[in-house]
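# Coordinate analysis (summary)
If you want the building blocks of each chain, they are given just below.
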Amino acid sequence: MPFDPTPIACRVSQHLQALADPDNAEKMAAYMKTSMPFYGVQAGPRD
């Protein structure tokens, strides 16, 4: 049976959404020069 990463990806996404900082997200996206979505979570809270 192949590994399905979907449940793990959903949990990670939910965790990041709970820590989201929209102001930081806007600044991070501008710094990275991308239109990809950012949650604005810095490295510290991800640990």
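The shown structure was predicted, so the numbers you read here are calculated from the model rather than taken from an experiment.

A word on a nonpolar patch on the surface. Residues Y31, M32, M36 and F38 make up a contiguous nonpolar surface patch of about 500 Å² in total accessible area. Here M32 shows up in helix α2 (residues 22–32).

The next thing to look at is the environment of K27. The residue K27 is located in helix α2 in this model. Its relative accessible area of 58% is what places K27 among the exposed residues.

Those residues of α2 not exposed but buried are N24, A25 and A29. Around the axis of α2, the buried residues are gathered within 130 degrees of arc, so they sit on the same side. Exposed and facing more than 90 degrees away from the buried side of α2 are D23, E26, K27, A30 and Y31. The N-cap residue of α2 is D21: its side-chain oxygen and the backbone nitrogen of D23 are 3.2 Å apart.

Our focus in this paragraph is the environment of Q17. Of note, Q17 is situated in helix α1 (residues 6–18). A sequence separation of 14 residues divides Q17 from F3, and the C-alpha atoms of the two residues are 24 Å apart.

Here the focus is unusual backbone geometry. In the Ramachandran plot, K33 falls in the positive-phi region, its phi being about 55 degrees despite a non-glycine side chain. Tracing the chain through its elements places K33 in the loop between α2 and α3 (43–46). Overall, K33 belongs to the exposed group, its relative accessible area being 76%.

Moving on to the environment of Y39. Along the chain, the position of Y39 falls in the loop between α2 and α3. In this structure, the C-alpha to C-alpha distance between Y39 and I8, residues 31 residues apart in sequence, is 17 Å. Excluding its chain neighbours within four sequence positions, the residues that come into contact with Y39 are S13, L16, Q17, A20, D21 and A25. One polar contact links Y39 to S13, side chain to side chain, over a distance of 3.0 Å. In this structure the side chain of Y39 is engaged in a polar contact, spanning 3.4 Å, whose partner is the side chain of Q17.

Analysis parameters
- Residues numbered from 1 in each chain as written.
- Predicted model: local features only at pLDDT ≥ 70, side-chain atom pairs only at ≥ 80, totals over all residues.
- Heavy atoms only, no water.
- Patch = residues over 30% accessible without salt bridge, like charges linked within 9 Å, V, L, I, M, F, W, Y side chains within 5 Å.
- Areas by Shrake-Rupley, 256 points an atom, 1.4 Å probe, with all protein chains shown as cover.
- Salt bridge = Lys/Arg side-chain N within 4 Å of Asp/Glu carboxyl O.
- Helix = DSSP H or I, 4+ residues; strand = E, 2+ residues; numbered from the N terminus.
- Buried < 20%, exposed > 50% of the residue type's maximum accessible area, 1.4 Å probe, protein only.
- Arc of directions from axis to C-beta.
- Polar contact = N/O pair within 3.5 Å; in protein donor to acceptor, adjacent residues only side chain to side chain.
- Contact = heavy atoms within 4.5 Å.

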